[in-house]
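Given next are the chains, with one letter for each unit.
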Amino acid sequence: MSERVIFHVDMNAFFASVEQRCNPSLRGKPIVVCGNPKKRTVVAACSYEAKAFGITNGMSIFEAKALCPHVLLVGGNPEKYVDIAQHIFAIFGELTPQVEIFSIDEAFLDMTGTCRLLGRDPDDAARLIKQRIRSAYGLTCSIGIGPNKLIAKVASNLQKPDGLVRVRQAEVHALMTRLPIEALCGVGPKLQKHLNDLGITTCEELGRTAEALLVGKFGLLGRSLKRMGQGLDDGPVAPLAADGQAKSMGHCYTLPRDTDNEEAIFGTLLRLCERVARRLRADGYQGRTISLTIRYADFSGVTHARSIPHPTDNGLRLYEVAREIFQRYCDPLSQRVRLVGVSASQLTQHQRQASFLEEEVRRGRIDRCVDRLADRFGEFTLVRASACAPLVPKSHGFLLKATHHHRSLVLG
Amino acid sequence: MATAIDEPVKVGAVFEHSQVKPSWFIWGHRRYVVQEVTQRWQTKEGQAPILHLGVSDGASCFELAFNQQTLIWYLASVEAHGSA
């Protein structure tokens, strides 16, 4: 069987590059993309110039400034990055239908058929992709080409920025001989330490280690690790449409300040529940299991779940269950809360059965009304007053948000 | 860091090759000439598609937003070059 041709495309310092492209005066300078620096925020992305000072993603702004006092802070704009990413993924889609979106700035492409059909050298196809992205958005990417996803991802990491590295099947063994295990996708610091403790530091050593030893230490993962060490990966490039069934939907939020103010915590929780519920309704799902995550100021945290007899897509119902979980496992608070999260799982397609319960009927009508307003005027045009606590304490009913684009429609 | 403005502005633009390119805009009684369109992206506010354009006049960087439903241009934000 002839070799597969798998691309891994990795946009270089994506968020930071987009911002440098937007603002010419930021080009060539150390910048970090973050949230509002007046509130609690971290480095979401940094330019290559900032990386040269040792700044990394996830670092606090305080730490970043300590490493590079003249680093420039740029407020992030997720909608901008999502839209540009979608257009870039559309470029991939013009070359092959087998596109697996790995993250907002990474994708796998199965170019086996395309290269064969067009009689095109994979390197030429990769250069075409790079040229089209640069031409459309002024952005660079690193492309790794390999016989499988594992090798393609390793290859894209070998040359950054603006890299193009191809590893043929015959070259895999030589690559794995010198490759450290931490270069493999899925081997993080903890797993690396466990493997180091076994005397394994390179992929070749990992591939030569007895499977029984790895399985004994890591369970089923051990089998996968051995294959990874050998550069083997049969995983297909799986477009989202091939397995579009969502397994869960959730949202979490890091509070501006650690707090034990229950109004603030529950107001945030209600907003998150409404957001999850709207996504459920938009995609036609209902959830049976509701999970609540609380992370404390010391970064410890708990996650607890509860299943309900009737699946729901109603935000208030999600909130009621989440509150019950909180009261059972987190009340009273042992310390201040840093992050709140909620998710719905065990998803089923919405059954659309009429309910005889008056309260459910009423909630369903409100949900449909809120969704229609949000569809027309934007997210959270109508919000529950209690979700705005503590700004609007002890309130009932709904508040109408006026956006600047629709001010005349809302207030006129 | 960019300063949010969110004010309607008068814009002169050229529509060519399926793209819109602002040439100038007036904000605060001053006319700004666009030297470069640096980035484009789209969002939606409800049903309204909003086209966002990063533009530069050589001294500052602006984000113009065009509501394709109401046909109103807004100056979304401004950032002096080098300030970030």
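One can find the structure itself at the top, above this paragraph.
A brief report on the enclosed structure follows.

What counts and what doesn't
Residues numbered from 1 in each chain as written. Chains lettered and ligands numbered in written order. Predicted model: local features only at pLDDT ≥ 70, side-chain atom pairs only at ≥ 80, totals over all residues. Heavy atoms only, no water. Core = buried A, V, L, I, M, F, W, Y, C linked by side-chain atoms within 4.5 Å. Buried < 20%, exposed > 50% of the residue type's maximum accessible area, 1.4 Å probe, protein only. Helix = DSSP H or I, 4+ residues; strand = E, 2+ residues; numbered from the N terminus. Axes fitted to C-alpha atoms, helices over the stretch in contact; angles between N-to-C directions. Left-handed = near helix turned anticlockwise from the far one by under 90°. Contact = heavy atoms within 4.5 Å. Nonpolar A, V, L, I, M, F, W, Y, C, P; charged D, E, K, R; others polar. Pairing = 2+ DSSP bridges. Buried area = accessible area lost by both parts, 1.4 Å probe. Salt bridge = Lys/Arg side-chain N within 4 Å of Asp/Glu carboxyl O. Polar contact = N/O pair within 3.5 Å; in protein donor to acceptor, adjacent residues only side chain to side chain.

### A closer look at the nonpolar core
Residues and elements named next belong to chain A.
Then comes step 1: Of all hydrophobic cores here, the largest spans 39 residues; its most connected members are F7, F14, I88, F92, L109, I133 and L139.
Then comes step 2: Mapped by element, the contributors of at least two residues to this core are β1 (6-11), α1 (14-22), β2 (31-34), β4 (72-75), α4 (78-95), β6 (106-110), α6 (122-137) and β7 (141-146).
Then comes step 3: Here this core takes eight residues from α4, the largest share from any one element.
Then comes step 4: L280, L292, V321 and V340 belong to the second largest nonpolar core, which has 31 residues in total.

### Some thoughts on the packing of α4 of chain A against α6 of chain A
Residue and element names in this part refer to chain A.
Then comes step 1: At a minimum axis distance of 11 Å, the contact between α4 and α6 shows a crossing angle of 145°. Taken as a pair, α4 and α6 cross one another with a handedness that is right-handed. Contacts from I84, H87, I88, I91, F92, E94 and L95 in α4 reach L128, I129, R132, I133 and Y137 in α6.
Then comes step 2: Partitioned by chemical class, the residues of the contact of α4 with α6 number nine nonpolar, one polar and two charged.

### Some points on unusual backbone geometry
Residue and element names in this part refer to chain A.
Then comes step 1: Cis geometry is adopted by the peptide bond preceding P161, which originates at K160 and carries an omega value of -5°.
Then comes step 2: Structurally, the position occupied by P161 is in the loop between α7 (149-157) and β8 (164-166).
Then comes step 3: Between D331 and the following residue, P332, the backbone shows a cis peptide bond with an omega angle of 0°.
Then comes step 4: By secondary structure assignment, the location of P332 is in the loop between α14 (315-329) and β12 (337-349).

### Regarding the sheet that holds β1 of chain A
Two pairing modes exist for strands in a sheet, parallel and antiparallel, and in both the strands are linked by backbone hydrogen bonds.
Residues and elements named next belong to chain A.
Then comes step 1: In spatial order, the strands read β5-β6-β1-β7-β8; together these five strands make up an open sheet with mixed pairing. At either end of the open sheet lies a strand with only one pairing partner, and these are β5 (99-103) and β8. Across the sheet, the mean angle separating the axes of adjacent strands is 15° when strand polarity is ignored.
Then comes step 2: Relative to β8, β7 runs parallel, the two sharing three bridges. Of the residues in β8, the one forming a bridge with I145 is R166.

### Examining the interface of chain A and chain B
Then comes step 1: The interface of chain A with chain B comprises 31 residues on the first partner and 25 residues on the second.
Then comes step 2: Summed over both partners, the interface of chain A with chain B buries about 2,200 Å², with 55% contributed by carbon and sulfur atoms.
Then comes step 3: Linking chain A to chain B there are one salt bridge.
Then comes step 4: A salt bridge links E36 of chain B to R27 of chain A, with the nearest nitrogen and oxygen atoms 3.6 Å apart.
Then comes step 5: Those elements that provide at least two residues to the side of chain A that touches chain B are α1, β4, α4 and α15 (358-377) of chain A.
Then comes step 6: Across the side of chain A that touches chain B, the residue classes tally to 13 nonpolar, ten polar and eight charged.

### Some words on the sheet that holds β4 of chain A
Residues and elements named next belong to chain A.
Then comes step 1: Spatially, the three strands line up as an open sheet ordered β3-β2-β4, and their pairing is mixed. The open sheet has two edge strands, β3 (43-46) and β4, and neither has a second partner. Sheet twist, expressed as the average angle between the axes of neighbouring strands with direction ignored, equals 35°.
Then comes step 2: Its contacts with the sheet put α1 on β2, β3 and β4, and the angle it makes with β2 is roughly 110°.

### Details of the environment of M249 of chain A
Residues and elements named next belong to chain A.
Then comes step 1: As for its position among the elements, M249 is in strand β9 (residues 248-259).
Then comes step 2: In this structure the C-alpha to C-alpha distance between M249 and L347, which are 98 residues apart in sequence, comes to 8.7 Å.
Then comes step 3: If sequence neighbours within four positions are ignored, M249 has contacts with V276, R279, L280, D283, Y285, V342, S343, A344 and L347.

### With respect to the pairing of β7 of chain A
Residue and element names in this part refer to chain A.
Then comes step 1: With six of six residues buried, β7 lies mostly within the body of the structure.
Then comes step 2: Neither face of β7 is open: one carries C141, I143 and I145, the other S142, G144 and G146, and all of them are buried.
Then comes step 3: Bridging between β1 and β7 involves six bridges; their strand directions are antiparallel. Across the sheet, F7 pairs through a bridge with I145, a residue of β7.

### Quick word on the environment of S25 of chain A
Residues and elements named next belong to chain A.
Then comes step 1: Mapped onto the secondary structure, S25 falls in the loop between α1 and β2.
Then comes step 2: Taking the relative accessible area as the measure of exposure, S25 reaches 12% and is therefore buried.
Then comes step 3: Taking the C-alpha atoms as reference, S25 lies 17 Å from G76; in sequence the two are 51 residues apart.
Then comes step 4: At 2.8 Å, the side chain of S25 forms a polar contact with the side chain of N23.

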